[in-house]
Amino acid sequence: MPDPRPDDFTDVDDVARAFAEHGYVTDRRLATTTFVMSRLGKPLLLEGPAGVGKTELAKTLARATGRKLLRLQCYEGQDETKALYEWDYGKQLLYTQILRDKAAELLVDTASMAEAVDRVAEQDSAFFSERFLAARPLLEAVRSPEPVVLLIDEVDRADEALEAVLLEMLAEYQVSVPEIGTFVAEHAPYVILTSNNTRDLSAALKRRCLHLFLEYPDAERELEILRSKKTGLDDAAATTLVDIVRGLRGLDLRKSPSISETIDWARTLAVLGVTELEAGVLADTVSVVAKYERDVERSRAALPKLLDPNAVVPEHRHDHGAHSHSHGEHSHGDDDEGPARRAAKDQPGRHDDEYYGQRASGSGDDKAGGAREIPPTTRGVTSSQGSRSFRGSARRRPV
Ligand SMILES: Nc1ncnc2c1ncn2[C@@H]1O[C@H](COP(=O)(O)OP(=O)(O)OP(=O)(O)O)[C@@H](O)[C@H]1O
Ligand SMILES: [Mg+2]
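So, here is what we can say about the structure in this document. Quick caveat, the model's predicted, so the values are computed rather than measured.

## Here we look at the pairing of strand β8 (residues 190-195)
And step 1. For β8, the buried fraction is high: six of the six residues fall into the buried class.
And step 2. The alternating pattern of β8 places Y190, I192 and T194 on one face and V191, L193 and S195 on the opposite face, and all of these are buried.
And step 3. Here four bridges tie strand β1 (residues 44-47) to β8, and the two strands are oriented parallel to one another. Of the residues in β8, the one forming a bridge with L46 is T194.
And step 4. Sheet topology note: the strand β5 (residues 148-153)/β8 ladder contains four bridges and is parallel. Bridging across to β8, V149 finds its partner in Y190.

See the structure below:
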């Protein structure tokens, strides 16, 4: 296996510093794992709920080390031609057309069809050479003359067959092309795999990787992230906002607010010129972090208490009816189980220009679990809260 570059980071603090310089706030555990990954040259598997910074970590690693980022976006039904390589059929065809006269010349003295076929077969290697190879991210990472960061994003969405294809690459950083031979990486890429745990990954894959479970950050780190994003919201309001978001994560919501949504909420409030948080404006804007009608209702109902634990809140909702009213909004009760709503969890804009390949239709899934009717209760927020609700949503591999 090729050696990783030993000089990208000098120590754990150096990782934290370099990441902070590029706008990514780490904690000790995250910086340590990243440092170890850079030294051991092992792939790093990041698991955790949506929006906790898994993809961003890979992007930041690329920026911090000056490496090119190659991204394989996984989806259901994806096959190895989109991950490893495929033959460029169009180019092969074009070449044969241009070389038609040359081919005719080659066959002019053949007496039978069988002889002509044999003569053509002798030219196989000309058409199955690197020239006609369309490299996809895994092969591209292996062939790159410069060390790269390879992001294999949302690997849990890929089929198990593709997972098997990844194994050779992850174990040896090599890719075999039967017609040509085996490509071995000159420089070990930094490989980051991310998963939302929509299904269990194979033990073979896990064994080959370092593993890090990313949870929602503690209040201090989330505030630091907000500061680093220069949202425009003043510090006192941002501190309160972080506490409120943490309180919302403690509710039984179908989808807990992610870090990116906290950032969006802070920006929204800043744009509205809010300097002091009060229940009204929070209720009016809570849909920035709550994306399901019932979540919006539950969040709105909880806001006054989250803002002020001593607040007296008039009881105005009824939990068992098909309709409940809150701030003039009309709820449709339990109707949010449909596939359309689940598909809506794939928010537009999640994938930027580095998005590789196409999402198979109907592959939208439910990262935060199906909708269950749970009474709106508030629990204390612990740092593992995200992981608990996250684990509860995982689709398990059949035993
Ligand atoms: N530690 C962090 N420091 C700075 N920004 C962060 C951090 N974590 C998350 N963010 C912000 O949150 C956004 C969302 O993060 P990211 O896209 O990496 O989430 P994810 O875990 O990959 O989510 P998903 O599972 O939905 O793909 C980032 O674009 C970034 O702005
Ligand atoms: Mg992601």
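Having seen it, we continue.
## Quick word on the site of ligand 1
And step 1. Near ligand 1 you find 21 residues, and of these V25, G51, K54, T55 and E56 are the closest.
And step 2. Within the backbone of V25, one N or O atom sits 2.8 Å away from a nitrogen atom of ligand 1.
And step 3. Residue G53 places a main-chain N or O atom 3.1 Å away from an oxygen atom belonging to ligand 1.
And step 4. The fraction of the free accessible surface of ligand 1 (630 Å²) that becomes covered by protein chains is 86%.
And step 5. Of all the elements in the fold, those that place two or more residues in the shell around ligand 1 are α3 (54-65), α12 (219-228) and α14 (259-271).
And step 6. Looking at the shell around ligand 1 residue by residue, the classes come out as eight nonpolar, six polar and seven charged.
And step 7. Residue contributions to the shell around ligand 1 reach at least three from each of two domains, namely domain 1 (12-81 + 139-213) and domain 3 (219-334).

## Some remarks on the environment of P178
And step 1. Mapped onto the elements of the fold, P178 is located in the loop between β6 (174-177) and β7 (181-184).
And step 2. Between the alpha carbons of P178 and F128 there is a distance of 9.9 Å; along the sequence they are 50 residues apart.

## Details of the pattern of salt bridges
And step 1. For the coordinates displayed, the defined rule picks out 21 salt bridges.
And step 2. Put simply, R136 and E86 hold a salt bridge, and the shortest N to O gap is 2.3 Å. Placement of the pair is R136 in the loop between β4 (133-135) and α9 (137-143) and E86 in strand β3 (residues 85-87), with a sequence separation of 50 residues.
And step 3. Of the residues examined, R136 reaches a relative accessible area of 19% and is grouped as buried.

## Things to note about the nonpolar core
A general tendency of soluble globular proteins is for nonpolar side chains to be buried together.
And step 1. With 38 residues, the main nonpolar core has L138, I152, V155, M169, L170 and L193 as its most contacted residues.
And step 2. Per-element accounting of this core gives the leading share, six residues, to helix α10 (residues 160-172).
And step 3. The residue makeup of this core includes at least three contributed by each of domain 1 (12-81 + 139-213) and domain 2 (85-132).

## With respect to the packing of aromatic side chains
And step 1. Scanning the model with the defined rule gives six aromatic pairs in all.
And step 2. Ring plane angle 55 degrees and centroid distance 6.3 Å describe the contact between F9 and F19, whose orientation is recorded as tilted. You can see F9 sitting in the segment before α1 (12-21) and its partner F19 sitting in helix α1, a full 10 residues away along the chain.
And step 3. Accessibility expressed as a relative area gives 2% for F9, which makes it buried.
And step 4. Overall, the relative accessible area of 0% leaves F19 in the buried class.
And step 5. Aromatic side chains W87 and F128 sit 5.0 Å apart centroid to centroid with 85 degrees between the ring planes, which places their arrangement in the edge-to-face category. In this pair, W87 is assigned in strand β3 and F128 in the loop between α8 (124-127) and β4, connecting sequence segments 41 residues apart.
And step 6. Members of the aromatic cluster, joined through ring pairs, are F9, F19 and Y24.
And step 7. Lying over the aromatic face of F132, K91 brings its terminal NZ or CZ to 5.8 Å of the ring centre.

## Details of α3
Working note: α-helix, 3.6 residues per turn, so residues spaced by three or four point in the same direction.
And step 1. With 12 residues, α3 ought to run about 16 Å at 1.5 Å a step, and its terminal C-alpha atoms sit 17 Å apart, in line with that.
And step 2. Every buried residue of α3 is accounted for by K54, L57, A58, K59, T60, L61, A62 and T65.
And step 3. Once α3 finishes, G66 follows within two positions and takes phi at roughly 70 degrees, a positive value.

## Comments concerning the environment of M169
And step 1. If you trace the backbone, M169 turns up in helix α10.
And step 2. If we ignore the near neighbours within four places in the chain, the residues touching M169 are L138, A141, V142, L150, Q174, V175 and P189.

## Considerations on the sheet that holds β8
And step 1. Reading across the sheet, the five strands line up as β2-β5-β8-β1-β9 and stay open at both edges, with parallel pairing between neighbours. This sheet does not close on itself; its edge strands, each paired only once, are β2 (68-73) and β9 (210-213). Averaged over all adjacent pairs, the angle separating strand axes in this sheet is 20 degrees, with direction ignored.
And step 2. Strands β1, β8 and β9 of the sheet are contacted by helix α2 (residues 28-40), whose axis makes an angle of about 165 degrees with β9.

Procedures and definitions
Residues numbered from 1 in each chain as written. Chains lettered and ligands numbered in written order. Predicted model: local features only at pLDDT ≥ 70, side-chain atom pairs only at ≥ 80, totals over all residues. Heavy atoms only, no water. Buried < 20%, exposed > 50% of the residue type's maximum accessible area, 1.4 Å probe, protein only. Helix = DSSP H or I, 4+ residues; strand = E, 2+ residues; numbered from the N terminus. Pairing = 2+ DSSP bridges. Near = heavy atom within 4 Å. Polar contact = N/O pair within 3.5 Å; in protein donor to acceptor, adjacent residues only side chain to side chain. Areas by Shrake-Rupley, 256 points an atom, 1.4 Å probe, with all protein chains shown as cover. Nonpolar A, V, L, I, M, F, W, Y, C, P; charged D, E, K, R; others polar. Domains from an automatic or database assignment. Salt bridge = Lys/Arg side-chain N within 4 Å of Asp/Glu carboxyl O. Core = buried A, V, L, I, M, F, W, Y, C linked by side-chain atoms within 4.5 Å. Phe/Tyr/Trp six-rings, centres within 6.5 Å; stacked < 30°, edge-to-face > 60°. Lys NZ or Arg CZ within 6 Å of the ring centre and 35° of its normal. Expected span 1.5 Å × (residues − 1). Contact = heavy atoms within 4.5 Å. Axes fitted to C-alpha atoms, helices over the stretch in contact; angles between N-to-C directions.

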